[in-house]
Amino acid sequence: MYGRQRSGNGPVRPLKTSKGEPPAGAPPSGPRLPAAGGPKGPRRRPSGRTIAKIVAAVLVVLLVAAVGMFFWINSRLAGIEGVLDDYEGRPADTPGTNWLLVGSDSRKGLSAAQRRKLATGRSAGQRTDSMMLLHIPEGGDRPTLVSLPRDSAVTIPGKGRNKLNAAYAIGGPKLLAQTVETVTGVHVDHYMEIGFAGFVGIVDAVGGVEIDVRAAVDDPKAGLKLKKGRQLLDGGQALGYVRTRKGGALPDFERTKRQRQFLGAVVKKAASPGVLLNPFTSIPLAMSATEAVTVDDGTGAFDMLSLGLAMGDSPVTTVVPFGGSEIAGGGTAVKWDRAKAIRLFDALKEDKPVPKDILDAG
């Protein structure tokens, strides 16, 4: 048997004893255990209960973080006491929510070097640089954002005929809010104000905003030089963009259009998941925003969230229809088209869409 050529091609099997066991010294025929240090077998997958516990733990951590962030933001909001207090003859509350949004030219928080870099000038005191009325409807309609030209000729309660921005200069936010309510008939529910320094900080916190510049701008007074076309603006450039009076046959009218365009762009960027879900952007944004804005003492973090969602919903934008001018406050002021302006503000009071011909006029 040994020394002869074996027939067939099958493998040689070890001899077995009478009990069917391989002889001593033969390798075992059963499955082998992995050698020490060798490759390991497949890992055991976690059970559904384990996965559920992990998911629940993550959700709890996110919930606690969200609640903590809410109270932190709420504690940092600076409120202006009494800005929306009742007064005799105040317009009654109406459906929907109305915000008075004010951009001031306050240089508070800017160093001398920053003022030179941003070309903000040395003006003392504080004046309104832009004013907008935002109406958030109760239903599912889009919000409406109306620019109120700061040089509008209006009647300031107890002060006579003057430009709209004079109300702020004379009596601060409280008199400005009362003047807007008086001339529009719209009840203001919330007031928010932002200055130059905060403006720059918010834009930089979200990594800049993309703006479609419709015409090249070169304005040394605003510290701005931009080419035509879509481009990313940093905080300083964005500030110059909304301040410049260059371009257009009606510079102030074009300026209000740029302000609405910018406000929509920055809020939409701030409300995007890429910013809100990233702690490296959301936390600096929250810090910049709470340092930058002041609100009425009845406005909290939930109200600010509602404002952000409304602005991110691509609001309908327009300006108060105007025609001609008049002398007010010792200078030429913008005269509103009374009939069209009444129709515009009546639509807001009644929580209805603004008529198309009024939007086109604006």
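Computed from a predicted model, the values in this text were never measured in an experiment.

Moving on, we come to the overall build of the chain. Counting its regular elements, the chain contains 11 helices and 15 strands. Here the chain holds 362 residues, and 40% of them are scored as buried. Considering only residue pairs separated by 6 or more positions, the chain has 65% of its internal contacts joining residues 24 or more positions apart. Accessible surface, the chain: about 21,000 Å² in total, of which carbon and sulfur atoms supply 57%.

Structurally, His187 is set in the loop between helix H3 (164-184) and strand S7 (190-194). A polar atom in the side chain of His187 sits 2.9 Å from the backbone oxygen of Pro91. With sequence-adjacent residues up to four places away left out, His187 is seen in contact with Arg90, Pro91, Ala92, Asp93, Asn98 and Glu181.

Our focus in this paragraph is a nonpolar patch on the surface. On the surface, a cluster of nonpolar side chains totalling about 270 Å² of accessible area is made up of Ile51, Val55 and Leu59. Examined against the element boundaries, Leu59 turns out to sit in helix H1 (residues 48-76).

What follows concerns unusual backbone geometry. Trans is the common state for peptide bonds, and a negative phi is the common state for residues other than glycine. Despite not being glycine, Asp351 has its phi angle at roughly 60°, a positive value. Mapping Asp351 onto the fold places it in the loop between helix H10 (338-349) and helix H11 (356-361). Looking at Asp351, the relative accessible area reads 17%, which means it is buried.

A few words now on the environment of Met311. The topology assignment puts Met311 in helix H9 (residues 301-311). Separated by 43 residues in the primary sequence, Met311 and Lys268 place their C-alpha atoms 6.7 Å from one another. With residues up to four places along the chain from it excluded, the contact list for Met311 reads Leu134, Leu145, Leu263, Gly264 and Val267.

Glancing now at the environment of His187. On the accessibility criterion, His187 (10% relative accessible area) is buried. The sequence separation of His187 and Lys349 amounts to 162 residues, and the corresponding C-alpha distance is 7.9 Å.

Another point: helix H5 (residues 235-243). Taking burial as the measure, the 9 residues of H5 include 7 buried ones, the bulk of the element. Along H5, the residues that are buried comprise Gly235, Ala238, Leu239, Gly240, Tyr241, Val242 and Arg243. By the N-cap criterion, in which a side-chain oxygen at the helix start approaches the backbone nitrogen of a residue two or three places on, H5 is capped by Asp234, the distance to Gly236 being 3.2 Å.

Moving on, we get to the pattern of salt bridges. Two side chains with opposite charge may pair up if their charged atoms get near one another. Within the structure shown, the criterion is met by 7 salt bridges. Between Arg230 and Glu210 there is a salt bridge, with the nearest N and O atoms lying 3.8 Å from each other. With Arg230 in strand S11 (residues 229-233) and Glu210 in strand S8 (residues 209-213), this residue pair connects regions lying 20 residues apart in the sequence. Look at Glu210 and you get partly exposed, because its relative accessible area is 48%. The partner of Asp357 in a salt bridge is Arg343, with the nearest N and O atoms 2.8 Å apart. Pair noted here: Asp357 is in helix H11 and Arg343 is in helix H10, with a separation of 14 residues, a long-range link. A relative accessible area of 39% means that Asp357 is categorised as partly exposed.

This paragraph deals with the nonpolar core. In terms of nonpolar packing, the biggest core is built from 39 residues, with Leu101, Leu134, Tyr241, Phe262, Leu263 and Val266 touching the most fellow members. Not counting chain neighbours up to four residues away, the residues in contact with Tyr241 comprise Ile211, Asp212, Val213, Leu224, Leu226, Leu233, Arg258 and Gln261. Core analysis: the second largest hydrophobic core is formed by 30 residues, Leu84, Val146, Val188 and Phe345 among them.

A word on the packing of aromatic side chains. Applying the stated criterion across every chain, the model contains 1 aromatic pair. Aromatic pair Trp336 and Phe345: ring centres 5.9 Å apart, planes at 40°, arrangement tilted. Accessibility assignment for this pair places Trp336 and Phe345 in one class, buried. Positioned above the aromatic ring of Tyr241 is the side chain of Arg258, whose terminal nitrogen or guanidinium carbon lies 6.0 Å from the ring centre.

What follows is about the environment of Ser104. Mapped onto the secondary structure, Ser104 falls in strand S2 (residues 97-104). Classification of Ser104 as buried rests on a relative accessible area of 3%. Spatially, the C-alpha atom of Ser104 lies 9.6 Å from that of Tyr168, the residues being 64 residues apart in sequence.

This brings us to the pairing of strand S4 (residues 144-147). Burial along S4 is two-sided: Thr144 and Val146 facing one way and Leu145 and Ser147 facing the other are all buried. Sheet analysis places strand S3 (residues 128-136) next to S4, joined by 4 bridges and oriented antiparallel. When the sheet's bridge partners are listed, Leu133 is paired in S4 with Val146. The sheet contact formed by S4 and strand S13 (residues 316-319) spans 4 bridges and is parallel. Bridge pairing links Ser147 to Val319 in S13.

We now examine H10. The end-to-end C-alpha distance of H10, which contains 12 residues, comes to 16 Å, matching closely the 16 Å that a straight helix rising 1.5 Å per residue would cover. Buried residues belonging to H10 abut S3, S4, H3, S13, strand S15 (331-336) and H11. Of the residues trailing H10, Asp351 is marked for its positive phi of about 60°.

Conventions and cut-offs
Residues numbered from 1 in each chain as written. Predicted model: local features only at pLDDT ≥ 70, side-chain atom pairs only at ≥ 80, totals over all residues. Heavy atoms only, no water. Helix = DSSP H or I, 4+ residues; strand = E, 2+ residues; numbered from the N terminus. Buried < 20%, exposed > 50% of the residue type's maximum accessible area, 1.4 Å probe, protein only. Contact = heavy atoms within 4.5 Å. Areas by Shrake-Rupley, 256 points an atom, 1.4 Å probe, with all protein chains shown as cover. Polar contact = N/O pair within 3.5 Å; in protein donor to acceptor, adjacent residues only side chain to side chain. Patch = residues over 30% accessible without salt bridge, like charges linked within 9 Å, V, L, I, M, F, W, Y side chains within 5 Å. Salt bridge = Lys/Arg side-chain N within 4 Å of Asp/Glu carboxyl O. Core = buried A, V, L, I, M, F, W, Y, C linked by side-chain atoms within 4.5 Å. Phe/Tyr/Trp six-rings, centres within 6.5 Å; stacked < 30°, edge-to-face > 60°. Lys NZ or Arg CZ within 6 Å of the ring centre and 35° of its normal. Pairing = 2+ DSSP bridges. Expected span 1.5 Å × (residues − 1).

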